[in-house]
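In case you want the letters, here they are:
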Amino acid sequence: MTSSNHPSTTGAATVHGGVNDGLIISTTKTIHSFLTGASTEVKLSDDLRQLASSLSDNPTVPYKHLRSIWVGSNPSTRPDLIGLLSGSNFVFSSPKPREKSEELKARLRKLEEAYERKAYDELVKDITPKKDVGEPFSSYKDQMGFGLHVALTMFTGYLVGYYAFRALFNHSPAMSAAGGILGLVIGMLVETLLFIIRTQSLDKKPARKASSFTTKQKKDQ
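Not measured: the values here are computed from a predicted model.

Conventions used here
Residues numbered from 1 in each chain as written. Predicted model: local features only at pLDDT ≥ 70, side-chain atom pairs only at ≥ 80, totals over all residues. Heavy atoms only, no water. Core = buried A, V, L, I, M, F, W, Y, C linked by side-chain atoms within 4.5 Å. Buried < 20%, exposed > 50% of the residue type's maximum accessible area, 1.4 Å probe, protein only. Helix = DSSP H or I, 4+ residues; strand = E, 2+ residues; numbered from the N terminus. Contact = heavy atoms within 4.5 Å. UniProt positions renumbered as here; feature names shortened; annotations may be inferred. Phe/Tyr/Trp six-rings, centres within 6.5 Å; stacked < 30°, edge-to-face > 60°. Salt bridge = Lys/Arg side-chain N within 4 Å of Asp/Glu carboxyl O. Arc of directions from axis to C-beta.

Engineer: What's the story with the nonpolar core in this structure? I'm lost.
Structural biologist: Side chains of nonpolar character tend, in soluble globular proteins, to be buried together. Counting 17 residues, the largest nonpolar core has Ile31, Phe34, Leu35, Leu66, Ile69 and Leu84 as the members making the most contacts within it. Among the secondary structure elements, those contributing two or more residues to this core are helix 1 (29–38), helix 2 (46–55), helix 3 (63–72) and helix 4 (81–85). Setting aside its immediate chain neighbours within four residues, Leu66 contacts Ile25, Ile31, Phe34, Leu35, Val61, Leu84 and Leu85.

Engineer: Any chance you could explain the UniProt feature "transmembrane region" (unreviewed entry) in the protein chain here in plain terms?
Structural biologist: The sites that carry the UniProt feature "transmembrane region" (unreviewed entry) are, in the present numbering, residues 146–165 and 177–197. For residues 146–165, the helix share is 100%, the strand share is 0%, and the end-to-end C-alpha distance is 28 Å. Across residues 177–197, the secondary structure splits into 100% helix and 0% strand, with the terminal C-alpha atoms separated by 30 Å.

Engineer: What's the story with the environment of Gly161 in this structure? I'm lost.
Structural biologist: Within the secondary structure, Gly161 is located in helix 6 (residues 140–168). By relative accessible area, which is 9% here, Gly161 ends up buried. Sequence separation of Gly161 and Ala177 is 16 residues, and the distance between their C-alpha atoms is 8.2 Å. The contact partners of Gly161, leaving out residues within four places of it in the chain, are Ser176, Gly179, Gly180 and Gly183.

Engineer: What is the right way to look at the packing of aromatic side chains in this model?
Structural biologist: Any two aromatic rings considered together are summarised by their centre-to-centre distance and by the angle between their planes. Evaluation of the coordinates by the stated rule reveals three aromatic pairs. Judged by centre distance (6.1 Å) and plane angle (20 degrees), the ring pair of Tyr158 and Tyr162 falls under stacked. Here Tyr158 and its partner Tyr162 are both found in helix 6, four residues apart, which amounts to about one turn of the helix. The partly exposed category is assigned to Tyr158, whose relative accessible area is 28%. Their ring planes at 90 degrees and their centres at 5.3 Å tell us that Tyr162 and Tyr163 sit as a pair that is edge-to-face. Tyr162 sits in the partly exposed class, given a relative accessible area of 26%.

Engineer: So what exactly am I meant to see when it comes to the pattern of salt bridges here?
Structural biologist: Side chains that differ in sign of charge can pair as their charged atoms come close. Evaluation of the coordinates by the stated rule reveals two salt bridges. Measuring nitrogen to oxygen at the nearest pair gives 2.2 Å for the salt bridge that ties Asp46 to Arg49. Placement of both Asp46 and Arg49 in helix 2 is noted, with a separation of three residues, approximately one turn of the helix. The class for Asp46 is partly exposed, based on a relative accessible area of 47%.

Engineer: Would you mind showing me how to read the environment of Ala164 here?
Structural biologist: Looking at the element boundaries, Ala164 is found in helix 6. For the pair Ala164 and Met175, spaced eleven residues apart in sequence, the C-alpha to C-alpha distance is 9.7 Å.

Engineer: Help me out: how do you make sense of helix 3 in this one?
Structural biologist: Of the residues making up helix 3, those classed as buried are His65, Leu66, Ile69 and Trp70. Buried residues of helix 3, seen end-on, are gathered within an arc of 135 degrees and therefore sit on one face of the element. On its buried face, helix 3 sits against strand 2 (24–26), helix 1, helix 2, strand 3 (60–62) and helix 4.

Engineer: Is there a simple way to think about unusual backbone geometry in this case?
Structural biologist: Trans is the prevailing form of peptide bonds, just as negative phi is the prevailing case for residues other than glycine. A positive phi angle, close to 60 degrees, is found at Asn170, a residue other than glycine. With respect to the element layout, Asn170 can be found in the loop between helix 6 and helix 7 (173–220).

Have a look at this one:
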């Protein structure tokens, strides 16, 4: 008996009772003839005769059932087991494909979409303007630097106002303090104005880049 990796046709592995039971072998003319004869053999029990009759027309047969019929058959008329199995092949049924869960399918779709977006961005990176992802004070270092700069400006304004009013008003403590507060307020207003100007200039940069890119595209066309 030789082995075969080719599965049988659909339903070929059907056995008595509709259950795939153990090793399956292909049916040869010898096996078919033996089963046909066994289906009418008086020596066999009713169950084995019915089993032989149900298996006689199948392209495959379970070895376990074939052996049971062979053992119950008349030893004087049955073929030897090696001769009965000669020319038959093993039949291996393919396992049922594993179904993916809905969660896995959704995750695979997201990964596929992300991959497609990345591939598209890579494809058009030379013909599209680069995105200006830099935002004012987007990092901790920028925020700390801005805070220190504001504090230094206000402190400097306070000192300038304090000593200016002290000199103007004959070293009066009250007027000196008022001058310091005025200098502090002026420093804060100046810093606020500079912040607004810097923010507006950063907002205008992407627009200028996009405009220059569009103009360049028109010229190239």
